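Architecture and fold: a report
Each chain, letter by letter, is given below.
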Amino acid sequence: MAAETPASTRPRKASRARRRPYTINHDKRWRPKDKRGTTCGYTFRGQTCTKKGAHYCAPRADRVVAFFSELLVHTKGPHKRKPFIPEPWQEHEILRPMFGEVLWSSEYDCYVRRYRIAYIVLARKNGKSEIAAGILLYLLIGDDEEAAEVYGAAADTKQAGKVFEPALRMVQLQPVLNKRLKHVRNARRLVDETMASHYEVITADAQGELGHNPHGFCLDEVLSQPDGSLWEAMTTAVGARLQEMLCAITTETNDPASFGADLIDEAERVQQDPARAPHIFAFVRKFPRTDEELAALHRIFPGHPDLPTSLDPWDEANWKWPNPALGAFKSLDAMRRQALEAKASPNKENGFRQFQLNQRVSQVTRFVPMDLWGSCTGEVAPNPEWLRPRLAGEKCWAGLDLSSKFDLTAWCLFFEDGSALWRFWVPESVVPTLDKATDDKFSLWVRDGWVTATDGDVIDYESIYAAIEEDNATFAIVDATYDKWCGEPVRQAIEDRTGLEMVESNTTFERMTQPMTEMLRLLKTRGITHYGNPVAAWCADNLEAKRPRDDPDRIRPVKPERNKTGKRIDGMPALFFAIDGSLAVDEAGAAADIF
């Protein structure tokens, strides 16, 4: 769900008692505009769905909720042995959308679940393992799947048992399930002989023994995975089931360069922009680290009663968002005790933030709210040349982020009306690597002219100089700001060929804080228009920023580990350099007015 940008980026703190109830209209959830299909016709307990096309099927969702409420029980804590009646957030924000959203399959000539992958990211002790256990049991015996193969996995056998053990206990405590399912103790397996289905535990070091036809899979505590090989092994094994479901559940990681961090970041992106991956369900509850993250939550979840109202980790009013089970089956008193200890000890504070607030303990954060980026698209440019005649002769400032000869280089023009125009270059030999990082989109961007791929293993600087000459002749470029890392020969060549004034800069806190802050302001006020440039959007999505703990108002971009992730951000520093040039002119004008 999306909302209009609030007038202030920092929502006012309000009494929780005055917050209006939060209700979810499942029919208004974002879904693909797919009208294919006959009348749904799915029936459960006398209720029949009469909708067509991609839709929320209430009877299917009712069946899952009934399975939990009537067949499952809690296995520990104050609610042990009591019926597993889902809390409102579990029912309406996880189970109903996960299993109720459907679309028409022309391949199978019937309606199937829309979501095939689910990311659930919560602080510790919020019942992740129990709801995962219930989901896997449903996939095993409640989904009408013949010979279903269901797997629970983690980094090691002990961790993998964290989901299997509550599932087993649920079976043992429910006579109907206990009669139907057989427990094979040595194999840590539950078998449903009536459907020839099974649920078993596997570990990260058992990839060679994995089944290759999973109907259900859950990877527990992704933050402890050494890499993404186990997840990839299972996600690439699907394709022979009608509607498989693969889940990843985790608490936040403290390693921003890990597989877990990449998966959690992707979950956040999907939650912000469901159209990014319509087949992925994301439920992410993290305590925000910056004003921008806080504002984004209030845009995406307008009116939600559990939203944090500030960045204060010690304010109890902020704890409910990363801990939706707080006060139900997660103890508020216990959390208060941990908060007291953490407040008195910097070492314990990090653990409290990571495990109790589900906050990444790092000075590095994702920088660009992609919902704001999308709101600043303007008219989508059908090709990179479409804008040039429209902006010809207009005043602008340039920014150049020149990579090594073996990587992506970006040139950006920022115009007085807020228009941003990019050029990108890359050696042809790097395109296959960047294809892997973009699901094969990069070669399409090259084909369509958004990126110029120069022959060989290195960038042809002559092509860069020629393009800058062309832009200098087309637009009224005031000056060009560049990273001093580019080197004197590059500066000299551009000045000699164009006569442009080249302004030296860098990506330090001192130089980047102002233009990066200004870009956020422009995004919030829709004062910038990028016309849907796909390469610039990719760079924006990859951009991370660093804020020093002792001065969080200072900020600078962080380049990702290129060889490990395939991510690139070069289009963003180029934009910051161009904005920096425009700000320098504004400051000079203000000084002239004073004197």
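Residues numbered from 1 in each chain as written. Predicted model: local features only at pLDDT ≥ 70, side-chain atom pairs only at ≥ 80, totals over all residues. Heavy atoms only, no water.

For strand β13 (residues 280–284), a buried count of 5 out of 5 residues is recorded, marking the element as mostly surrounded by other parts of the structure. Every second residue of β13 is oriented toward a common face, with I280, A282 and V284 on one face and F281 and F283 on the other, all of them buried. (Buried < 20%, exposed > 50% of the residue type's maximum accessible area, 1.4 Å probe, protein only. Helix = DSSP H or I, 4+ residues; strand = E, 2+ residues; numbered from the N terminus.)

Another point: unusual backbone geometry. Both trends apply: most residues other than glycine have a negative phi, and most peptide bonds are in trans. At A147, a position not held by glycine, the phi torsion is positive, near 55°. Positionally, A147 belongs in the loop between α3 (128–142) and β7 (149–154). Here A147 falls in the partly exposed class, since its relative accessible area comes to 30%.

The next point concerns empty space enclosed by the protein. Leftover empty space is mapped by rolling, across the atoms, a probe with the size of a water molecule. The tally for this structure, following the rule as stated, stands at 2 cavities of 30 Å³ or more. The calculated volume of the largest cavity comes to roughly 400 Å³. What lines the largest cavity is a set of 26 residues, and nearest its centre among them are E268, Q272, K286, E293 and R366. Of all the secondary-structure elements, those providing two or more residues to the lining of the largest cavity are α7 (259–272), α8 (291–300) and β14 (364–366). (1 Å grid on protein atoms, 1.4 Å probe; cavity = no way out; pocket = protein on both sides within 12 Å on 5 of 7 lines; lining within 4 Å. Points joined across faces, edges and corners; volume = space filled by probe spheres on them.)

The strands that make up a sheet pair up through hydrogen bonds in the backbone, lying either parallel or antiparallel. In space, the 3 strands of this open sheet follow the order β3-β4-β5, with antiparallel pairing throughout. Either end of the sheet is taken by a strand with one partner, and the two such strands are β3 (55–56) and β5 (110–113). Note that strand β4 (residues 101–105) and β5 share 4 bridges and pair antiparallel. Across the sheet, residue L103 finds its bridge partner in β5, namely V112. (Pairing = 2+ DSSP bridges.)

When you tally the buried positions in helix α18 (residues 534–542), you get 7 out of 9 residues, the bulk of the element. All of the buried residues in α18 are V535, A536, W538, C539, A540, D541 and N542. In this structure N533 caps α18, since a side-chain oxygen of it lies 3.0 Å from the backbone nitrogen of V535. (Polar contact = N/O pair within 3.5 Å; in protein donor to acceptor, adjacent residues only side chain to side chain.)

With 90% of its residues at a pLDDT of at least 70, the protein reaches an overall mean of 88. pLDDT under 50 marks residues 1–20. Its contacts with residues more than four places away, or in other chains, come to 37 contacts. Every residue in residues 588–595 scores below 50 in pLDDT, and together they form 0 contacts with partners more than four places removed in sequence or on other chains. (pLDDT = per-residue confidence, 0-100. Contact = heavy atoms within 4.5 Å.)

For the structure shown, the criterion picks out 21 aromatic pairs. Here W445 and W538 contribute two aromatic rings whose centre-to-centre distance is 5.9 Å and whose plane-to-plane angle is 50°, an arrangement assigned as tilted. A residue pair is termed long-range when its members are at least 10 positions apart, and W445 in helix α14 (residues 442–447) and W538 in helix α18 qualify at 93 residues. The exposure class assigned to W445 is buried, which follows from its relative accessible area of 9%. Residue W538 is classed as buried on the basis of its relative accessible area, which comes to 10%. Feature note: the residues F67, F68, F84, F99 and Y138 constitute an aromatic cluster, connected by ring pairs. (Phe/Tyr/Trp six-rings, centres within 6.5 Å; stacked < 30°, edge-to-face > 60°.)

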